[in-house]
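Observations on chain architecture
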Amino acid sequence: MAFVPGSASQPTAEVELSISCRSLVGMDLLSKSDPMCVTYIRPFGESRWVEYHRTERISNCHDPHFVSKIHMVYRFEEQQPLQFEMYDCDSASSNLADHDFLGFATCTLAQIINGGKVPYVLEMLLQPKEKGQSFLNSNSNLGYIQIMAEELQTNKDEVTLKFSGHKLDRKDWFGKSDPFLELHKSTESGMYSLIHKTEVIKFNLNPRWNQFTLPVRSLCNGDYERSIKVVCYDWNRSGNHSLIGEFYTNLNSLLDETSSRRFTLTNPEIQAKKKGSYKSSGEIIVEMCVVKRLYSFLDYIKGGTQIFCTFAIDFTGSNGNPLSPDSLHYITEFGQNAYEQAIISVGTIIEDYDSDKQFPVLGFGAKLPPDGRVSHEFFVNMHPTNPYCDKVHGVLQAYRSCLRQIQLYGPTNFASVIRHVMKFASTYTDGSSYFILLILTDGVITDMPQTCKAIVEASSLPISIIIVGIGNADFSAMEVLDGDTVALTSGGMRASRDIVQFVPFSKVMGSPNAGALLAREVLAEIPAQFVSFMKSRNIVPKPPITSVTTLPPDPTMYN
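Residues numbered from 1 in each chain as written. Predicted model: local features only at pLDDT ≥ 70, side-chain atom pairs only at ≥ 80, totals over all residues. Heavy atoms only, no water.

Looking only at helices and strands, the chain features twelve helices and 28 strands. Accessible surface, the chain as shown: approximately 27900 Å² in total, 52% of it carbon and sulfur. (Helix = DSSP H or I, 4+ residues; strand = E, 2+ residues; numbered from the N terminus. Areas by Shrake-Rupley, 256 points an atom, 1.4 Å probe, with all protein chains shown as cover.)

With respect to topology, four strands assemble into an open sheet ordered β11-β10-β13-β14, the strand pairing being antiparallel. The sheet terminates laterally at β11 (192–197) and β14 (242–249), the two strands that pair on one side only. When the angles between neighbouring strand axes are averaged without regard to direction, this sheet yields 25°. Sheet topology places strand β10 (residues 179–186) next to β11; five bridges connect them, and they run antiparallel. Bridge pairing links E182 to K197 in β11. (Pairing = 2+ DSSP bridges. Axes fitted to C-alpha atoms, helices over the stretch in contact; angles between N-to-C directions.)

This part covers the nonpolar core. Of all hydrophobic cores here, the largest spans 49 residues; its most connected members are F315, L438, V468 and V522. The greatest single-element share of this core, amounting to seven residues, is contributed by helix α7 (residues 391–403). Contact partners of V468, with chain neighbours within four places excluded, come to A342, L438, I439, L440, T441, V503, F505, L518 and V522. Grouped together as the second largest cluster of nonpolar side chains are 31 residues, L362, F379, A425 and V456 included. (Core = buried A, V, L, I, M, F, W, Y, C linked by side-chain atoms within 4.5 Å. Buried < 20%, exposed > 50% of the residue type's maximum accessible area, 1.4 Å probe, protein only. Contact = heavy atoms within 4.5 Å.)

This next bit is on the environment of T489. Of note, T489 is situated in strand β26 (residues 489–490). With a relative accessible area of 43%, T489 lands in the partly exposed category. With 37 residues separating them along the chain, T489 and C452 place their C-alpha atoms 7.1 Å apart. Contacts of T489, omitting those with residues within four sequence positions, involve C452, V456 and R494.

As a further point, take the sheet that holds strand β19 (residues 366–368). Pairing is antiparallel in the open sheet, where three strands are placed in the order β20-β19-β23. At either end of the open sheet lies a strand with only one pairing partner, and these are β20 (373–375) and β23 (407–408). Bridge count for β19 against β20 is three bridges, and the pairing is antiparallel. Across the sheet, the residue bridging to A366 is S375, located in β20.

The element strand β13 (residues 228–234) is largely enclosed, with a buried count of six among its seven residues. Relative to β13, β10 is paired through seven bridges, and the arrangement is antiparallel. Its bridge partner lying in β13, F180 is registered against Y233. Note: β13 against β14, seven bridges, orientation antiparallel. Within β14, the position partnered with K229 by the bridge is Y248.

With that settled, the discussion passes to the packing of aromatic side chains. Considering all chains together, one arrives at 17 aromatic pairs under this definition. Judged by centre distance (5.5 Å) and plane angle (25°), the ring pair of F308 and F435 falls under stacked. Linking F308 in strand β17 (residues 306–314) with F435 in strand β24 (residues 433–441), this pair joins segments that are 127 residues apart in sequence. The class of F435 is buried, set by a relative accessible area of 8%. (Phe/Tyr/Trp six-rings, centres within 6.5 Å; stacked < 30°, edge-to-face > 60°.)

Let us look at unusual backbone geometry. Here the amide bond leading from P369 into P370 is cis, since omega sits at 0°, within 30 degrees of zero. Residue placement: P370 occurs in the loop between β19 and β20. The omega angle of the peptide bond from G410 to P411 is -5°, so this bond is cis rather than trans. You will see that S23, though not glycine, has its phi angle at about 55°, which is positive. Within the secondary structure, S23 sits in the loop between β1 (12–22) and β2 (35–41). Exposure remark for S23: the relative accessible area of 38% places this residue in the partly exposed category.

Moving on: the pattern of salt bridges. All chains considered together, the criterion is met by 15 salt bridges. Salt-bridge contacts for R57 lead to D34; the nearest nitrogen and oxygen are separated by 3.1 Å. A residue pair is termed long-range when its members are at least 10 positions apart, and R57 in the loop between β3 (50–54) and β4 (70–75) and D34 in the loop between β1 and β2 qualify at 23 residues. Judged by its relative accessible area of 43%, R57 is partly exposed. Here R400 ties to E340 by a salt bridge, and the two come within 2.6 Å at their closest N and O atoms. A residue pair is termed long-range when its members are at least 10 positions apart, and R400 in helix α7 and E340 in helix α6 (residues 338–351) qualify at 60 residues. Within the structure, one salt-bridge network assembled from shared partners comprises E16, E150, K185 and R226. (Salt bridge = Lys/Arg side-chain N within 4 Å of Asp/Glu carboxyl O.)

Right, let's get into the side chain of T249. Note on placement: T249 falls in strand β14. Beyond its immediate sequence surroundings of up to four residues, T249 is in contact with R226, S227, I228, L254 and F263.

On their own, these measurements won't tell you what the molecule is for.
So, in structure tokens, the structure goes:
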């Protein structure tokens, strides 16, 4: 938590969870497992588990230390259940059913923070998923998972590092070495947590590794004097990597350009054997260490970046006859249908960020007057050239009026409305504007290849796409578009960033505050997606715009 003089401690904090395992069960006959950990959360007030995070896959290892961290907000007043599932990854498939299940463990976030023999470390025995589940080595337990938590301090800096090696020890009998580096940060408990691995450089005693960038708070939690351990290994296919040497430093030393920034590698085992005759196992040279400010969503908004939201509404026949009470488009004087609730909930929040509060509203999947042509990109206000509606109230008026003039038809195509917004976003890539496309739909998408292609192309533009699923259709295809864990691909091209968020309205339907819950779910990823675009273009926010608000005079002053 940020330090606020004179304040009391707040009951929330952002924490970072580090995951490691030991003695995992072997699933392969001729090699060790290739483990990956998948973390699930149980949202407040719900009984279902939702996937939250996946680590990287580590080859040939039964005692993995995962680089990928889990960032969560710790809330004192909530229980926050967590489930950790371990898999042996046998392919590049993103489908967990294609991999061997190794075991799971459950706990709460509070248990991780407060439990364990060593401060801030919780160790749990992995359990089988089902009774009677068979394993290759059934006589042993399934292994242990260790979770370490640390509170993160507020810090908006990131550091870019580049290392090289000089005269590293030769570790292979018939060659040189295949060196790579690991960076570990010191935690409050006195332990070291792995935070980064470089790539492996084959057959080289003088390697130069690629530069990489880390948040400063991940490297040292904002403390420039906190110890950092750098370890150099010789990579081995078996997973039993050979230690070349290690050294300790801190961020201030890495930044100090007045020194040579050459660090001696020491191998404790060799040093103990050779004693006085041992000098070193080589050197690591810091070729680059640069700290840059990492800007937030609010930094850009304060600097004048404008948010523009386009609504796209599904008018396909699968919604049902609008004149029937069973229709998702049924209009009544006694409440709002799901489409209206979504428009009000999300639009009301975005309206506060939109300077002119004029919203383009598109429709798709309907037959239009006068000739009944099918359109997947028409203006819902039925104006021939101007799609804009005044504020959220104007969006609702246009939607209700449109239902009386069109015929619901189909199919459910997204590509046209996505490309409509892309045309505008492609002309504003300087950081002055950001575009949100809110798609409200009831059905299974029918132009999936074209939509994937459009999203992959749009991922390099200042766009976020929100899809709200209305009704109870099978929305599994939408989860593919929402690339939270696996990046979307199309025609061999990979999305440069995640720009899609899918939320089924049924998730919050029936709740007394359904509108607020929907808005929170729908808009949760927008700030991170927004910042990821700005960062990809190296766009720095402009200085905050200052304005003076003049209040009307108090009439009592003149009495």
